[in-house]
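Survey of secondary and tertiary structure
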Amino acid sequence: MTRLIDGKKISASEVEQLAVDTRQFIAESSVTPGLAVVLVGDDPASQVYVRNKVKQATAAGFNSTEHRLPEETGQAQLNALVEQLNSDPSVHGILVQLPLPAQLSEPEIIRLIAPEKDVDGFHPQNVGALAAGNAELIPCTPMGCMIMLRQTLGDLSGKHAVVVGRSNIVGKPMAALLLQANCTVTIVHSRSQDIEAICRQADILVAAVGRPEMIRGSWVKPGATVIDVGINAVESGGRRRLVGDVAFNEVSEVAGAITPVPGGVGPMTIACLMKNTLTAARQQISV
Ligand SMILES: NC(=O)C1=CN([C@@H]2O[C@H](COP(=O)(O)OP(=O)(O)OC[C@H]3O[C@@H](n4cnc5c(N)ncnc54)[C@H](OP(=O)(O)O)[C@@H]3O)[C@@H](O)[C@H]2O)C=CC1
Ligand SMILES: Nc1nc(=O)c2c([nH]1)NC[C@@H]1CN(c3ccc(C(=O)N[C@@H](CCC(=O)O)C(=O)O)cc3)C=[N+]21
């Protein structure tokens, strides 16, 4: 009876619409939106995401470039690449895949990316705009979650949303967007007490923890909408598979609607990256 929120399908229709908008944008401006993805090192999971991003960018009608740097890259070298992309007029969006190798400073790189090209929405200027409720470039994963929630529930006003996790990439911007949508928002994290009881109060439960199947069926209020952001690779029977932060089988017995992993939040994140790239291109040519 639970409703499956099909991120793959929703993202495909988002990218289809985006391709239409992009064609119109190109016709009007003679500018093709450009996305540059930077990957330092050879983390296998990051390689999968980068490949998916480049594929979707092409599907949307963008120019996309991939910049791979070796694991041992120094800060000066990465800074130089970002500065070059900042001043390249054919590049409208820059994404530096995180996490970076330990010798590199993430805050330094995030601050260096030109705010108008920051399609991740991680630059302090964009984070501030999000907190103030007037952001143009919104972090892709929470934006994707909001699209799925609105499709599932319509108006979110007055709903109690519980976000598990408080990272800058997912938990905090997710909470900001839910607040902006008039939810009553609770954020829980590794120092919170009695997380289960708090989760059980949620009309909307967003799990962004990075712990395989942490959220059990008994933590979920019957009929709740559950968004599983977690992407965890686990070994079972000698095979590698992806699971979320939610124990899917158990929770789908209780929840009103739930996102699967894979095929839920992941594809929506990529679709929203494409939306941000077109938004960024629009802003840059209008100045
Ligand atoms: N689908 C997608 O597009 C994306 C998926 N992801 C996935 O989402 C998950 C979360 O990512 P991210 O936010 O970057 O992860 P982080 O590791 O940066 O943050 C995890 C958060 O979970 C909290 N936490 C950890 N353990 C517990 C616990 N036992 N109980 C309660 N809270 C806990 C941490 O608390 P504290 O702050 O106290 O340490 C922290 O706030 C990962 O699986 C990641 O792979 C991430 C980005 C995009
Ligand atoms: N600067 C930066 N921005 C990010 O947005 C960012 C990042 N760094 N680092 C890593 C995380 C993770 N992330 C995902 C994107 C797509 C899928 C995705 O497409 N997942 C597919 C399956 C992928 C697979 O098969 O492995 C799915 O869930 O169906 C997953 C995870 C973006 N992140």
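Residues numbered from 1 in each chain as written. Chains lettered and ligands numbered in written order. Predicted model: local features only at pLDDT ≥ 70, side-chain atom pairs only at ≥ 80, totals over all residues.

**Section: the domain arrangement of the protein chain**
Domain boundaries assigned for the protein chain yield domain 1 (29-115) and domain 2 (140-265). Each of domain 1 and domain 2 has a C-alpha centre, and the two are 28 Å apart. (Domains from an automatic or database assignment.)

**What about the site of ligand 1?**
Around ligand 1 lies a shell of 24 residues, among which Gly165, Ser167, Ser190, Gly210 and Thr269 are the nearest. Sorting elements by how many residues they give to the shell around ligand 1 places helix H10 (residues 265-285) first, with three residues. (Near = placed C-beta within 6 Å. Helix = DSSP H or I, 4+ residues; strand = E, 2+ residues; numbered from the N terminus.)

**Comments concerning the sheet that holds strand S5 (residues 160-164)**
Taken in spatial order, the six strands line up as S1-S11-S8-S7-S5-S6 in an open sheet, and their pairing is parallel. Only two strands of the sheet have a single partner each, and these edge strands are strand S1 (3-4) and strand S6 (184-188). Across five bridges, S5 lies against S6 in parallel orientation. Across the sheet, residue Val163 finds its bridge partner in S6, namely Ile187. (Pairing = 2+ DSSP bridges.)

**Overview of helix H2 (residues 44-60)**
The terminal C-alpha atoms of H2, which comprises 17 residues, lie 25 Å apart, in line with the 24 Å expected from a rise of 1.5 Å per residue. Considered for burial, the residues of H2 that qualify are Lys53, Gln56, Ala57 and Ala60. Along the long axis of H2, the arc covered by the buried residues comes to 105°, so they all point the same way. Among the exposed residues of H2, those oriented more than 90 degrees off its buried face are Pro44, Val48, Lys55 and Thr58. Where the residues of H2 are buried, they touch helix H1 (7-29), strand S2 (34-40), strand S3 (63-69) and H10. Once H2 ends, the next one or two residues include Gly61, with phi positive near 95°. (Expected span 1.5 Å × (residues − 1). Buried ≥ 20, exposed ≤ 12 C-beta atoms within 10 Å, placed from the backbone. Arc of directions from axis to C-beta. Contact = placed C-beta atoms within 7 Å.)

**Observations concerning the nonpolar core**
Counting 82 residues, the largest nonpolar core has Leu205 and Val206 as its most contacted members. Looking at this core element by element, the count peaks at ten residues for H10. Non-local contacts of Val206, meaning those with residues more than four positions away in its chain, are made with Cys145, Ala161, Val163, Val164, Met174, Ile227 and Val229. (Core = buried A, V, L, I, M, F, W, Y, C linked by C-beta atoms within 7 Å.)

**Here we look at the environment of Pro267**
Examined against the element boundaries, Pro267 turns out to sit in helix H10. For Pro267, a count of 22 C-beta atoms within 10 Å puts it in the buried group. Distance from Pro267 to Ala114, taken between C-alpha atoms, is 26 Å for residues 153 residues apart in sequence. Excluding its chain neighbours within four sequence positions, the residues that come into contact with Pro267 are Gly7, Lys8 and Ser11.

**Concerning the site of ligand 2**
Tyr49, Leu98, Pro262, Gly266 and Thr269 are the nearest of the 19 residues found near ligand 2. Looking at the shell around ligand 2, the element that brings in the most residues is H10, giving four residues. In the shell around ligand 2, the residues fall into twelve nonpolar, six polar and one charged. Formed jointly, the shell around ligand 2 draws a minimum of three residues from each of two domains, domain 1 (29-115) and domain 2 (140-265). (Nonpolar A, V, L, I, M, F, W, Y, C, P; charged D, E, K, R; others polar.)

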